Amino acid sequence: MNIIEVSNLSKKYKIQHATAGYISLRDVLTNIAKSPFSFAKNKAKEVAGLALQEEFFALKDVSFKVKEGETLGVIGRNGAGKSTLLKIISEITPPTTGEIKLDGRVGSLLEAGTGFHGDLSGRENIFMSGMILGMKRREIIQQFDKIVEFAEVEQFLDTPIKRYSTGMTMRLAFAVAAHLRQEILIVDEVLSVGDQQFQDKCLAKMEEIVKEDGRTILFVSHNIKTVRRLCKKCLWLEKGGVKMFGGMEEVVTKYEQ
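Residues numbered from 1 in each chain as written. Predicted model: local features only at pLDDT ≥ 70, side-chain atom pairs only at ≥ 80, totals over all residues. Heavy atoms only, no water.

Q: Honestly, the overall build of the protein in this entry has me stumped. Any pointers?
A: Of regular secondary structure, the protein possesses 9 helices and 9 strands. For the protein, buried positions account for 42% of its 257 residues. In the protein, the proportion of contacts linking residues at least 24 apart, taken out of those at least 6 apart, comes to 74%. A total accessible area of about 14,300 Å² is found for the protein, and carbon and sulfur atoms account for 50% of it. (Helix = DSSP H or I, 4+ residues; strand = E, 2+ residues; numbered from the N terminus. Buried < 20%, exposed > 50% of the residue type's maximum accessible area, 1.4 Å probe, protein only. Contact = heavy atoms within 4.5 Å. Areas by Shrake-Rupley, 256 points an atom, 1.4 Å probe, with all protein chains shown as cover.)

Here it is in structure tokens:
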């Protein structure tokens, strides 16, 4: 059964370009004197953000399917559209065109602290995250001790998140995403923030939840060794489009050539 279906997905942005070069005050005054109406029209366009715009497709006509319990690696160079794709699937940003069908709840770890409230404590953020995912309080309580133990933040549990280091925030964010019972887990390159020991701990946990819980993982990484370890299928994005989609070893071998 397909738990994720992405069909003809595109995301378009408008890029605003700055006007070229240095223009002296004398040149500006001369232009106003020669063509006051033209100057006013161009200035109005600049203020409205209509001047010198270019359309840019971060994603263009992307389609793929992921079955329940699969681990999909998403690879590609910087700017290929990987993070944009995950943000759309996570419903952080809407697509310009196309459709996504999800058969389950989505938990995302795209940036350290995404979804956390800085003024709330670690304890309060755990419960808030669980309720946002639609979990009942008793379900969160059942997983609470495991989350805290995994994140290694017992001493700072009642400290506001805004006082956590980036590493502490990331550890708690991953622990919440990994232990609360959403069917789809999306993990971006954010794991590289942590030390090697914690990265290995996170990878082991992801392998565990796929094997024992049958959950589905979308994993973005530039570390091909890690993709090989964790993923069975692979999506290679290039310039916003699908370069290749299929078995992990086949795609990664082509990517490394």
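Q: I keep staring at the layout of surface pockets and nothing clicks. Help me out?
A: Think of a ball as big as a water molecule: rolled over the atoms, this probe shows where empty space is left. By volume, the largest pocket is sized at about 510 Å³. What lines the largest pocket is a set of 23 residues, and nearest its centre among them are Val106, Gly107, Ser108, Ile132 and Leu133. Contributing elements (two or more residues each) for the lining of the largest pocket: β5 (106-109), α4 (122-132) and α6 (166-179). The dominant element in the lining of the largest pocket, judged by the number of residues it contributes, is β5, at 4 residues. Here the lining of the largest pocket is composed, by residue class, of 13 nonpolar, 8 polar and 2 charged. (1 Å grid on protein atoms, 1.4 Å probe; cavity = no way out; pocket = protein on both sides within 12 Å on 5 of 7 lines; lining within 4 Å. Points joined across faces, edges and corners; volume = space filled by probe spheres on them. Nonpolar A, V, L, I, M, F, W, Y, C, P; charged D, E, K, R; others polar.)

Q: Any chance you could explain the side chain of threonine 226 here in plain terms?
A: You can see threonine 226 is positioned in helix α8 (residues 224-230). With relative accessibility at 14%, the residue threonine 226 sits in the buried group. Beyond its immediate stretch of four places on either side in the chain, threonine 226 contacts Leu203 and Phe219.

Q: Sorry if this is basic, but what is going on with the sheet that holds strand β8 (residues 233-238) here?
A: Two strands in a sheet stick together by hydrogen bonds in their backbones, pointing the same way (parallel) or opposite ways (antiparallel). What the 6 strands build is an open sheet, ordered β5-β6-β7-β3-β8-β9; its pairing is mixed. The strands lining the two open edges of the sheet, one partner per strand, are β5 and β9 (241-247). For this sheet the average axis-to-axis angle between neighbouring strands, irrespective of direction, equals 15°. Both strand β6 (residues 184-187) and strand β7 (residues 216-220) contribute to a ladder of 4 bridges, which runs parallel. Bridge assignment links isoleucine 186 to a residue of β7, and that residue is leucine 218. (Pairing = 2+ DSSP bridges. Axes fitted to C-alpha atoms, helices over the stretch in contact; angles between N-to-C directions.)

Q: I'm lost on the nonpolar core in this one. Help?
A: The nonpolar side chains of a soluble globular protein tend to be buried, and buried together. Core analysis: the largest hydrophobic core is formed by 47 residues, its most contacted members being Ile75, Ile126, Leu172, Met206, Phe219 and Val227. Here this core takes 9 residues from α6, the largest share from any one element. Formed by 22 residues, the second largest nonpolar core is a distinct cluster that contains Leu85, Leu86, Ile88 and Ile186. (Core = buried A, V, L, I, M, F, W, Y, C linked by side-chain atoms within 4.5 Å.)

Q: What's the story with the packing of α6 against helix α7 (residues 196-213) in this structure? I'm lost.
A: Helix-helix packing is characterised by the crossing angle of the two axes and by the distance between the axes. At a minimum axis separation of 11 Å, α6 and α7 run at an interaxial angle of 10°. It follows that α6 is roughly parallel to α7 by the angle criterion. Packed against α6, whose contacting residues are Met170, Arg171, Phe174, Ala178 and His179, the element α7 presents Phe198, Cys202, Lys205, Met206 and Ile209 at the interface. Among the residues making up the contact of α6 with α7, the classes are represented as 7 nonpolar, 1 polar and 2 charged. (Parallel < 35°, antiparallel > 145°, perpendicular 65-115°, else oblique.)

Q: Is there a simple way to explain unusual backbone geometry in this structure?
A: With glycine set apart, most residues show a phi of negative sign, and most peptide bonds adopt trans. Even without glycine at this site, aspartate 61 takes up a positive phi of about 55°. With respect to the helices, strands and loops of the structure, aspartate 61 is situated in strand β2 (residues 53-67). Of note, the phi angle at lysine 239 is positive, near 55°, even though the residue is not glycine. Judged by relative accessible area, lysine 239 falls into the exposed class, the value being 76%.

Q: Looking at this structure, I do not really get a nonpolar patch on the surface. What am I missing?
A: Nonpolar side chains collect at one region of the surface, where Tyr13, Ile15 and Phe56 lie side by side and expose about 240 Å² of accessible area between them. Within the secondary structure, phenylalanine 56 is located in strand β2. The class of phenylalanine 56 is partly exposed, set by a relative accessible area of 38%. (Patch = residues over 30% accessible without salt bridge, like charges linked within 9 Å, V, L, I, M, F, W, Y side chains within 5 Å. Salt bridge = Lys/Arg side-chain N within 4 Å of Asp/Glu carboxyl O.)

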